[in-house]
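Here is how the chains run, residue by residue.
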Amino acid sequence: MENKTKERVHDTRTVDVADDYAIDYWTQELNTTKGKLLAAVAEVGDSFEDVKRHLKK
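Residues numbered from 1 in each chain as written. Predicted model: local features only at pLDDT ≥ 70, side-chain atom pairs only at ≥ 80, totals over all residues. Heavy atoms only, no water.

Visitor: Help me out: how do you make sense of helix 3 (residues 48-55) in this one?
Guide: Note that an α-helix has 3.6 residues per turn; residues three or four places apart therefore point the same way. Here helix 3 has its buried residues at Phe48, Val51 and His54. The buried side chains of helix 3 occupy one side of the element, clustering within an arc of 135° when seen end-on. In this structure, the buried side of helix 3 is in contact with helix 1 (20-29) and helix 2 (34-44). (Buried < 20%, exposed > 50% of the residue type's maximum accessible area, 1.4 Å probe, protein only. Helix = DSSP H or I, 4+ residues; strand = E, 2+ residues; numbered from the N terminus. Arc of directions from axis to C-beta. Contact = heavy atoms within 4.5 Å.)

And the structure:
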């Protein structure tokens, strides 16, 4: 039987905050809260490395 579920693949170079599933993924990946993630993206943009660096401050 064919598996019809689709696995979502994330672009790991950018942090997508327009999709709830992606927000859940990034909050877990970066060990942060939704609020902190959204604030970081608003301040430094959606580059994963920039967001990661900002959250470690």
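Visitor: What's the story with the pattern of salt bridges in this structure? I'm lost.
Guide: When the charged atoms of two side chains lie near each other, side chains of opposite charge can form a pair. For the coordinates displayed, the defined rule picks out 1 salt bridge. The shortest N-O distance in the salt bridge between Asp50 and Arg53 comes to 3.1 Å. One end of the pair, Asp50, and the other, Arg53, are both in helix 3, 3 residues apart, so they sit about a helical turn from each other. (Salt bridge = Lys/Arg side-chain N within 4 Å of Asp/Glu carboxyl O.)

Visitor: Would you explain the packing of aromatic side chains in this entry?
Guide: Centre distance and the angle of the planes are the two values used to describe a pair of aromatic rings. For the structure on display, the rule yields 2 aromatic pairs. Consider the rings of Tyr25 and Trp26, whose centres lie 4.9 Å apart with planes at 80°: the pair is edge-to-face. Residue classification places Trp26 among the buried residues on the basis of a relative accessible area of 2%. Each ring, one from Trp26 and one from Phe48, has its centre 5.3 Å from the other, and the planes form 35°; the classification is tilted. Placement of the pair is Trp26 in helix 1 and Phe48 in helix 3, with a sequence separation of 22 residues. (Phe/Tyr/Trp six-rings, centres within 6.5 Å; stacked < 30°, edge-to-face > 60°.)

Visitor: How do you make sense of the packing of helix 2 against helix 3 when you look at a structure like this?
Guide: When two helices pack together, their arrangement is given by the angle between the helix axes and by the axis-to-axis distance. Interhelical geometry of helix 2 versus helix 3 gives an angle of 120° and a closest axis separation of 9 Å. Read as a crossing pair, helix 2 and helix 3 show a hand that is right-handed. In this structure, helix 2 uses Lys36, Leu37, Ala40, Val41, Glu43 and Val44 to contact helix 3, whose residues at the interface are Asp50, Val51, His54 and Leu55. Counted by class, the contact of helix 2 with helix 3 contains 6 nonpolar, 1 polar and 3 charged residues. (Axes fitted to C-alpha atoms, helices over the stretch in contact; angles between N-to-C directions. Left-handed = near helix turned anticlockwise from the far one by under 90°. Nonpolar A, V, L, I, M, F, W, Y, C, P; charged D, E, K, R; others polar.)

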